[in-house]
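Listed here are the chains, written in short residue letters.
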Amino acid sequence: MIGLDTNLLVRYVTADDLEQWQLAAGLIEAEGQLCFLSNIVLCELVWVLRGQPYQFTRPQIAEVLEAMLATPVMEFENRSSVYQALQRMKLGKADFSDYLIGAIAQQAECSTTYSFDRKLIGEKGFQYLRISDNPIDSALR
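This structure is a prediction, so every number in the text was calculated from the model and none was measured.

1. With respect to the packing of helix H5 (residues 79-91) against helix H6 (residues 96-107)
Step number 1: Look at H5 against H6: their axes get within 8 Å of each other, and the N-to-C directions meet at 135°. Accordingly, the angle class assigned to the pair H5 and H6 is oblique. When you trace H5 past H6, the crossing you get is right-handed. Touching Ser80, Ser81, Val82, Gln84, Ala85, Leu86, Arg88 and Met89 of H5 are Phe96, Tyr99, Leu100, Ala103, Ile104, Gln106 and Gln107, all from H6.
Step number 2: Considering only residue class, the contact of H5 with H6 consists of nine nonpolar, five polar and one charged.

Written as structure tokens, this is what we have:
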């Protein structure tokens, strides 16, 4: 098994540089080769694809992640958490990375995941923390 860095995966997905794409494809598609993708690499991949110059849409990013999950040569740090985060991203407003954080926390048996991210308001497993919710502020009143 080999590990893949984000930049190699970006070249493979976008094919925006033919030489680098050929190297990446040769490595990833080598017979009998398993490719490990860490959670960090997946989050970076999503961030890169959403930004300039690629500007992938949420549905396009979901397609990329689904294809990777369906590819037998791709090994994930935590396949079930990635799958769960992908499904929630497709339905929700928050970023893939937020849902992945929540899925990993849930698997670690956390009761909730606190965040200041307004996109997570009302999302199961998350608690949006308002300034007025601060236990220190409450004790001072």
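There's more to say after this.
2. Description of the packing of helix H1 (residues 6-14) against helix H3 (residues 39-50)
Step number 1: At a minimum axis distance of 9 Å, the contact between H1 and H3 shows a crossing angle of 50°. Taken together, the axes of H1 and H3 are oblique relative to one another. Taken as a pair, H1 and H3 cross one another with a handedness that is right-handed. Across from Thr6, Leu9, Val10, Val13 and Thr14 in H1, the residues of H3 making contact are Val41, Glu44, Leu45, Val48 and Leu49.
Step number 2: Taken together, the residues of the contact of H1 with H3 sort by class into seven nonpolar, two polar and one charged.

3. Regarding the nonpolar core
One recurring pattern in soluble globular proteins is that nonpolar side chains are buried together.
Step number 1: In this structure, Leu9, Leu37, Leu42, Met68, Phe76 and Phe96 are the most contacted members of the largest nonpolar core, which totals 31 residues.
Step number 2: Listing elements by their share of this core, those giving two or more residues are H1, strand E2 (35-37), H3, helix H4 (58-70), strand E3 (74-76), H5 and H6.
Step number 3: Beyond its immediate stretch of four places on either side in the chain, Phe96 contacts Leu42, Cys43, Val46, Leu65, Val82, Ala85, Leu86 and Met89.

4. Focus: the environment of Phe116
Step number 1: Topologically, Phe116 is positioned in the loop between strand E4 (113-115) and strand E5 (126-128).
Step number 2: Remark: the alpha-carbon pair of Phe116 and Ala103, spanning 13 residues in sequence, is separated by 17 Å.
Step number 3: For Phe116, the contacting residues outside a window of four places in its chain are Tyr128 and Leu129.

5. Some remarks on the sheet that holds E3
Step number 1: Here three strands make up an open sheet; going across it, the order is E1-E2-E3 and the pairing parallel. Taken across any chain shown, the strands that pair with only one partner, and hence form the sheet edges, are strand E1 (2-3) and E3.

6. A few points about the pattern of salt bridges
Oppositely charged side chains are able to pair whenever their charged atoms sit close together.
Step number 1: Under the definition given, this model contains four salt bridges.
Step number 2: Of the charged contacts, one joins Asp16 and Arg11 as a salt bridge, the two residues approaching to 2.8 Å between their closest N and O atoms.
Step number 3: A relative accessible area of 40% means that Asp16 is categorised as partly exposed.

Analysis parameters
- Residues numbered from 1 in each chain as written.
- Predicted model: local features only at pLDDT ≥ 70, side-chain atom pairs only at ≥ 80, totals over all residues.
- Heavy atoms only, no water.
- Axes fitted to C-alpha atoms, helices over the stretch in contact; angles between N-to-C directions.
- Helix = DSSP H or I, 4+ residues; strand = E, 2+ residues; numbered from the N terminus.
- Parallel < 35°, antiparallel > 145°, perpendicular 65-115°, else oblique.
- Left-handed = near helix turned anticlockwise from the far one by under 90°.
- Contact = heavy atoms within 4.5 Å.
- Nonpolar A, V, L, I, M, F, W, Y, C, P; charged D, E, K, R; others polar.
- Core = buried A, V, L, I, M, F, W, Y, C linked by side-chain atoms within 4.5 Å.
- Buried < 20%, exposed > 50% of the residue type's maximum accessible area, 1.4 Å probe, protein only.
- Pairing = 2+ DSSP bridges.
- Salt bridge = Lys/Arg side-chain N within 4 Å of Asp/Glu carboxyl O.

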